[in-house]
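Residue-level structural notes
Below are the chains, spelled out letter by letter.
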Amino acid sequence: MPERLRTAVAFALLALSLPLWPVALPATALWARRERRRRRSSGYAVLWPSMARTLVAHAEAWIGSAPPPSGWGVYVRNVDRYLSLVRGPSVGLQVALLVAMEYAPLLTLRGRFSRLPLGTRRHLLARRYLVPGGLLSPLAWSRQLVRLGWHADPETRRRSGHAFRPEGRERRTLRARTATVAVA
Amino acid sequence: MTRELRSRFAVVGSGAGGAVTAYLLARAGEPVVVLERGAWVRPADLRPDEPHALATLYQDGGAQLTRDLSMTVLQGRCVGGSTVVSNVVCFRMPEAVRRRFAAGGFELPAADLAAAYDVVESVLNVHEIPADRLNPAAERLEAGLRALGLEARRFRHASLDCVGCGECNLGCRFGAKLDASRTWIPMAVRRGAVVVPGVAVNRVEVERGRVVALHATDLAKGTPVRVVADRYVLAGGAIATPELLLRSGILADRAGTRASMNAGAMMVAEFPAPLDAFRGLQMGVYHETDGATIEQDHNPYLSFCLTQPVGVDRLAAARPDLYRHLTSVGVLAPTPPEGRVRLPRLRALLPRALDRAVLDARLPEVTRAAMVKAYALLARIYLAGGATRVFAPTHEVHELRRPDDVGRLDALLADPRAISGLGTAHPQGGSPIGDDDRRDVLTPEFRVRGLDNCFVVDASVFPASVEVNPLLSVMAVAYLASRHVVGRAPPAAIEEGPAHDRRRALGLGAAVG
């Protein structure tokens, strides 16, 4: 089915479902409550388990289907740790974007993002989320979380060749050098 | 229970403007309290941990976005403000900008401004970056510029005992960067200023044309704080200061208007041999071109991946050691003062996600055109410097391998939204100074129009972009503003601070490197 027709049909169904919304809203609240409870049991500080699945699905489609060197668990925890340290409303916005990303495919008569086949996810990212100025382009911002989780992996950093410096002997040498410059 | 703080002066914000003002007030013997939303992070608290630094030192964890989510706006959120996460590269305001400001009623006499820059630079120990602190990519850029007959200039920066670790944007864990938290703030504290971190000012209370109190929140306890002073100085920066005016209903018709920025995005190139561009300062050399500046800016691994065009990031994920061969250079161009700081209309609906001011700004055509021209030049510089491929700053991978390929940039970047990684670290304006009573927020004396005892001293006062990295200009303007804020002329020289102490110890009179 063409993309525009899918969207039109989805919006028509959404409009037809309006009378059901009073029932759907309490159901959504219950679902959110359950997710929060599961967050506690999964050990995350900010992310709900469903958001963790969205992040993994996004990374598979965006960066590569193989997990990062330290595995998906470390990847998700990197994101969770970062979000738990941030102060301010942007955490709420980033979390909202993740939820929106998971459910946005429903607007094109598809399933939830994390349950879509890899090819469909890649297609959605390239054709819907990364279109400059497109309706769903703000959702592409969650890719920053994907990048953060992936590249904060210590093993990825090690393989990149990057090292924080100067440490140990090199640091002492540099200190001595700066003193020389200062006197000169 | 509401906690109450009393002082003669209250300064909101401890960045470039607030820190200088607090010091000058304390030096004049005035009791002053400085309120800062972020934490007070000392060098010993910092560690080489990029997610931690992003989350704790930056506003919104480095993910502050413009209203349409098209650009990032990087600002510091800690004692010392954005100076703590900046590269402290220092430029004086171009003469053309000074004249333009004067034409709009923001008069900064050339001699006074030059004297202010001299004093500020002596405190910050501003000096040209020595060759042995440059990162290895600087040599390739200089070679490329030379091959094209162009001038390579070296940044001046504010440091003492810099080891060239290349982590300026993560805060300086060596304490070598002379940002506001290492200079003006401790100097002010030694003279009696009180700095209160972790307090967010929410509203200004006004009665009969005077500010009578600030209403704030202690962020750690979630309790209200009321701050009472005789005079108030707003110095929260180009977004927070207009936000405070808007939330308080002060000049709501014009607060937040005429916002501008230096917009920029990185362009990445690959070199055949490993460059290891992380070994040295992030910013070393630059080149000024028509309407834009080409500035070397190489980040540590994670920040590099977060700020690069999307496609390059994916290449780096598939082959992480590629990072050793890559380097990045930013193109920076000023935008006209057409932006606006706004409070989202729907903030009451989703307060946890939306209740904060946002910069409503897009990349204007004039800025896009200047940037694209500069990217074309930069690609030629890279190729002349030995790069095997240059990546266009687009959302998908587009490689430029020969000078002939550079012409493709016009089509690739015809739409400003096609530029990947677009953002700013230099938001300005929003509380513009000027002589127009119906247009400008501030009088030429830095006073909020209609309020006797409230001043603004930060990057929001600029009626347009200063067109260069603004840190030094914000400090120099704050220094000049003290004539009105403190009520007396600023000192002709400042003989204290880490740079002064070192100069005295060495018997030197100039910057000491």
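Thresholds applied
Every chain's residues receive numbers from 1 upward, in the order its sequence appears when written. Each chain takes a letter, starting from A, and each ligand takes a number, starting from 1, following the order in which they are written. Per-residue local features of the predicted model are confined to residues with pLDDT of at least 70, and side-chain atom pairs are confined, for both listing and counting, to 80 or more; whole-chain, interface and lining totals are unaffected and use all residues. Only hydrogens and water are set aside; all other atoms, that is, all heavy atoms of the structure, feed into the side-chain values. Across the chain, each position has a pLDDT score giving the predictor's confidence in that residue, from 0 to 100. Secondary structure is summarised from DSSP: a helix means a run of H or I of at least four residues, a strand means a run of E of at least two, and numbering begins at the N terminus for each. The contact rule is simple, with two residues in contact once any of their heavy atoms fall within 4.5 Å. A carboxyl oxygen of Asp or Glu within 4 Å of a side-chain nitrogen of Lys or Arg is what we treat as a salt bridge. Residue type decides the class: Asp, Glu, Lys and Arg count as charged, Ala, Val, Leu, Ile, Met, Phe, Trp, Tyr, Cys and Pro as nonpolar, and the leftover types, Gly among them, as polar. Here the nonpolar core consists of buried residues drawn from Ala, Val, Leu, Ile, Met, Phe, Trp, Tyr and Cys, with membership extended through side-chain atoms lying within 4.5 Å. Buried means the residue's accessible area, taken with a 1.4 Å probe over protein chains only, is under 20% of the maximum for its type, while exposed means over 50%, and partly exposed covers the values in between. Strands qualify as paired when DSSP identifies two bridges or more between them. In this analysis, axes come from line fits to C-alpha atoms, helices being fitted only over the stretch in contact, and the angle between any two N-to-C directions falls in the range 0 to 180 degrees.

1. Examining the confidence of the model for chain A
Low-pLDDT portions of the prediction should not be read for the details of their coordinates. Residues and elements named next belong to chain A. Mean pLDDT over chain A stands at 81; residues scoring 70 or higher make up 83%. Mean pLDDT in chain A bottoms out at helix 9 (residues 168-183), which sits at 52, and peaks at helix 4 (residues 72-85), which reaches 94. Scored below 50 in pLDDT, residues 179-184 shows seven contacts in the model against residues more than four places distant or in partner chains.

2. A few points about the interface of chain B and chain A
Between chain B and chain A, the residue contacts involve 60 residues of the former and 46 residues of the latter. A salt bridge links arginine 157 of chain A to glutamate 50 of chain B, with the shortest nitrogen-to-oxygen separation between them at 2.6 Å. Among the secondary structure elements, those contributing two or more residues to the side of chain B that touches chain A are helix 2 (50-57), helix 8 (301-307), helix 9 (310-318), helix 10 (351-354) and helix 14 (498-506) of chain B. The biggest single contributor to the side of chain B that touches chain A is helix 2 of chain B, with six residues. Residues of the side of chain B that touches chain A, tallied by class, amount to 30 nonpolar, nine polar and 21 charged.

3. Focus on the nonpolar core
Ranked by internal contacts, the top residues of the largest apolar core, which has 160 residues, are Leu35, Trp184, Tyr382 and Phe462 of chain B. Residues within four places of tryptophan 184 of chain B in sequence aside, it is in contact with Ala19, Val20, Tyr23, Val120, Val123, Leu124, Met475 and Ile494 of chain B. With 59 residues, the next largest nonpolar core counts Val46, Val86 and Ala152 of chain A together with Val310 of chain B among its residues.

4. Regarding the sheet that holds strand 10 (residues 210-218) of chain B
All names here are of chain B. Strands sit in the order 1-11-10-9 across an open sheet of four strands; the sheet is mixed. Of all strands in the sheet, those with a lone pairing partner are strand 1 (3-6) and strand 9 (199-207), marking the two edges. Averaged over all pairs of adjacent strands, the angle between their axes in this sheet comes to 25°, without regard to strand direction. Here strand 1 runs beside strand 11 (residues 223-228); their pairing, made up of four bridges, is parallel. Paired with glutamate 4 across the two strands is arginine 226, which belongs to strand 11.

5. A short note on the pattern of salt bridges
For the structure shown, the criterion picks out 49 salt bridges over all chains. Of the charged contacts, one joins glutamate 35 of chain A and arginine 38 of chain A as a salt bridge, the two residues approaching to 3.3 Å between their closest N and O atoms. In this pair, glutamate 35 of chain A and arginine 38 of chain A are both assigned in helix 2 (residues 21-42), three residues apart and thus about one turn of the helix distant. Accessibility expressed as a relative area gives 1% for glutamate 35 of chain A, which makes it buried. A salt bridge links glutamate 399 of chain B to arginine 401 of chain B; the shortest N-O distance between them is 2.9 Å. Overall, glutamate 399 of chain B belongs to the partly exposed group, its relative accessible area being 23%. By relative accessible area, which is 43% here, arginine 401 of chain B ends up partly exposed. One network of salt bridges, with partners in common, ties together Arg67, Asp68, Arg342, Asp360 and Arg362 of chain B.

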